[in-house]
Amino acid sequence: MTDDPVAELIIRVAAQDRAAFRTLYGQTSAKLMGVLLRILGTRSEAEDALQEVFTRVWLRAGRFDATKGRGMTWLIAIARNHAIDRLRARPTAVQVVARDAEDADPVEQVRDTAPTAETRMIAAGEARRIADCFETLEPDRAEAVRGAYLGGLSYLDLAERHGVPLNTMRTWLRRSLLKLRECLDA
Amino acid sequence: MTDDLPHSPLDEDDALAAEYVLGVLALAERMAVEARVRNDSAFAARVTAWENRLAGLNDGYGDIPAPDLMPKIEARLFPQPAKARRGLFGWLAGALAAAVVAVAAVVLLQPAPPAPVIATLGEADAPLRFEARFDGAAITVTRVAGTPAPAGQVQEVWIIAPDAAPVSLGLLEGESLSVPYPQAPAGWTLAVSLEPAGGSPTGAPTGPVLAAGTITEL
């Protein structure tokens, strides 16, 4: 367990250790802010969401199980789930506006960091495996899966973006996911 | 192999877990999946497996420095420490506190009483009423009068620090909800709101407040 300092902090947070909670914030808030800003698009909403995410981390830390996954994976799952729920709860018109505003400043900033990070990903051990498995998918489908995961795109968004009917997109993506599972579990 | 059984129930569940983790589902579908994750451990394990499978993609998120939001987060979670008392009044308060501790010690020697009620949510004759108790380690909110939310909706419990945004403690899917909590913060509000099944998607109450009450000193 010593190879996962984030998991150790979460376990201390579960024991109501407030100092560990602050350390955890110091060490992981930038990554989680990157997640929230990429999905939500505006700094003010991402900051609101970050407060909610760390509130949930404190209240749910007791349910974290270090034998089932890494600490950072658990934190990012909480952040992504909250951000995507917020995004889906927006009225449709607002979602369109937010998407049209993607060229505006904060999202662009996140985007700029993304290619570098994706290049880094090829070098990293755990991530190389997923990069190799993405190679087994057709390029536009791999792009759809990655876009959905990183940007929080819905089936509706993806169907529009790729110019295919929603049901076609659903079939594509489900097949791609099962193919990915086969490759990743091999 | 999977091509032979593309629509077996197993693959259907696993595809749904994958779609949830990927984030492509609509809000109502996401809420249904989140409810299932809470109640179906085999399905929850599928979701965790997908989170781990796709974790390699997390490197695609860059770091963005966040402002220090800890003071706001702590204000939502923890009661403020009492202000330091000074002078004679402080000494009196200290002596009084010592006396209270002495009385408490005597009380603690009695056989374990039920956890004390720290808040009543709803007027005494209200058709829907809740009670909150604190046993030293957890706050338990119980519906003591009235019925559960109608189908498709759920009662959600919130704790609210003075001048802070409500924090969800969870959903009242049965008659009571127990949440580990280090202390019972006097002066904070407990409230129950009516939310869509699966709970508020936004992290803030969206439906009407059904009942509320203030936590009193133990």
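Rules of the game
- Residues numbered from 1 in each chain as written.
- Chains lettered and ligands numbered in written order.
- Predicted model: local features only at pLDDT ≥ 70, side-chain atom pairs only at ≥ 80, totals over all residues.
- Helix = DSSP H or I, 4+ residues; strand = E, 2+ residues; numbered from the N terminus.
- Buried ≥ 20, exposed ≤ 12 C-beta atoms within 10 Å, placed from the backbone.
- Contact = placed C-beta atoms within 7 Å.
- Expected span 1.5 Å × (residues − 1).
- Domains from an automatic or database assignment.
- Nonpolar A, V, L, I, M, F, W, Y, C, P; charged D, E, K, R; others polar.
- Pairing = 2+ DSSP bridges.
- Axes fitted to C-alpha atoms, helices over the stretch in contact; angles between N-to-C directions.
- Core = buried A, V, L, I, M, F, W, Y, C linked by C-beta atoms within 7 Å.
- Parallel < 35°, antiparallel > 145°, perpendicular 65-115°, else oblique.
- Left-handed = near helix turned anticlockwise from the far one by under 90°.

A. Representation of the overall build of chain B in the model. Scanning chain B from N- to C-terminus turns up five helices and eight strands. The buried share among the 218 residues of chain B stands at 33%. Taking contacts inside chain B between residues at least 6 apart in sequence as the whole, the part at least 24 apart equals 58%.

B. View of helix α8 (residues 139–151) of chain A. All names here are of chain A. Across its 13 residues, α8 extends 17 Å between first and last C-alpha, which sits within 8% of the 18 Å expected from 1.5 Å per residue. Every buried residue belonging to α8 is among A144, V145, R146, A148, L150 and G151, and all of these are buried. At the C-terminal side of α8, G152 shows a positive phi close to 70°.

C. Fine view of the domain arrangement of chain B. Residue and element names in this part refer to chain B. Domain assignment breaks chain B into domain 1 (9–60) and domain 2 (75–214). Opposite the five residues of domain 1 that make contact, domain 2 presents four residues. Class assignment of the residues belonging to the side of domain 1 that touches domain 2 gives a composition of four nonpolar, no polar and one charged.

D. Fine view of the sheet that holds strand β7 (residues 189–196) of chain B. All names here are of chain B. An order of β5-β4-β7-β8 is seen for the four strands of this open sheet, with the pairing classed as antiparallel. In this open sheet, the two edge strands, each paired with only one partner strand, are β5 (167–172) and β8 (209–214). On average, each strand axis in the sheet is tilted by 25° relative to the strand beside it, whichever way the strands run. Pairing between strand β4 (residues 153–160) and β5: five bridges, direction antiparallel.

E. Here's a closer look at the nonpolar core. Ranked by size, the top nonpolar core spans 86 residues in total, and within it L32(A), L36(A), L50(A), A83(A) and L190(B) carry the most contacts. The element best represented in this core is helix α2 (residues 18–40) of chain A, accounting for ten residues. A domain-level breakdown of this core finds at least three residues from each of domain 1 (9–60) and domain 2 (75–214) of chain B. When residues no more than four places from it in sequence are discounted, the contact partners of L32(A) are L50(A), V53(A), L75(A), I76(A) and A79(A).

F. How the structure looks around the environment of S41(B). Residues and elements named next belong to chain B. Position of S41 among the secondary structure elements: in helix α3 (residues 41–53). Under the C-beta neighbour-count criterion, S41 is labelled exposed, with 9 such atoms within 10 Å. Sequence separation between S41 and T140 is 99 residues; the distance between their C-alpha atoms is 23 Å.

G. The interface of chain B and chain A, seen in detail. Each partner contributes to the interface: chain B provides 41 residues, whereas chain A provides 61 residues. Put simply, the parts of the chain that give the side of chain B that touches chain A at least two residues each are α1 (9–22), α2 (27–39), α3, α4 (70–77) and β6 (176–180) of chain B. Broken down by element, the side of chain B that touches chain A gets its largest block of residues, five residues, from α4(B). The residue inventory of the side of chain B that touches chain A, partitioned by class, reads 23 nonpolar, ten polar and eight charged.

H. Here's a closer look at the sheet that holds strand β1 (residues 117–121) of chain B. All names here are of chain B. Sheet architecture is open: four strands sit in the order β1-β2-β3-β6, paired in antiparallel fashion. If you trace the sheet from one side to the other, it starts and ends with β1 and β6, each paired once. On average, each strand axis in the sheet is tilted by 15° relative to the strand beside it, whichever way the strands run.

I. Molecular detail of the packing of helix α3 (residues 43–60) of chain A against helix α4 (residues 71–89) of chain A. All names here are of chain A. Contact geometry of α3 with α4 gives a least axis separation of 10 Å together with a crossing angle of 130°. Considering their axes alone, α3 and α4 lie oblique with respect to each other. Regarding α3 and α4, the two cross each other, and that crossing is right-handed. Facing A49, E52, V53, R56 and V57 of α3, the residues of α4 in contact are L75, I78, A79, H82, A83 and R86.

J. Fine view of the pairing of β7(B). Here β4(B) pairs with β7(B) via eight bridges, running antiparallel. If you follow V154(B) over to β7(B), its bridge partner there is E195(B).

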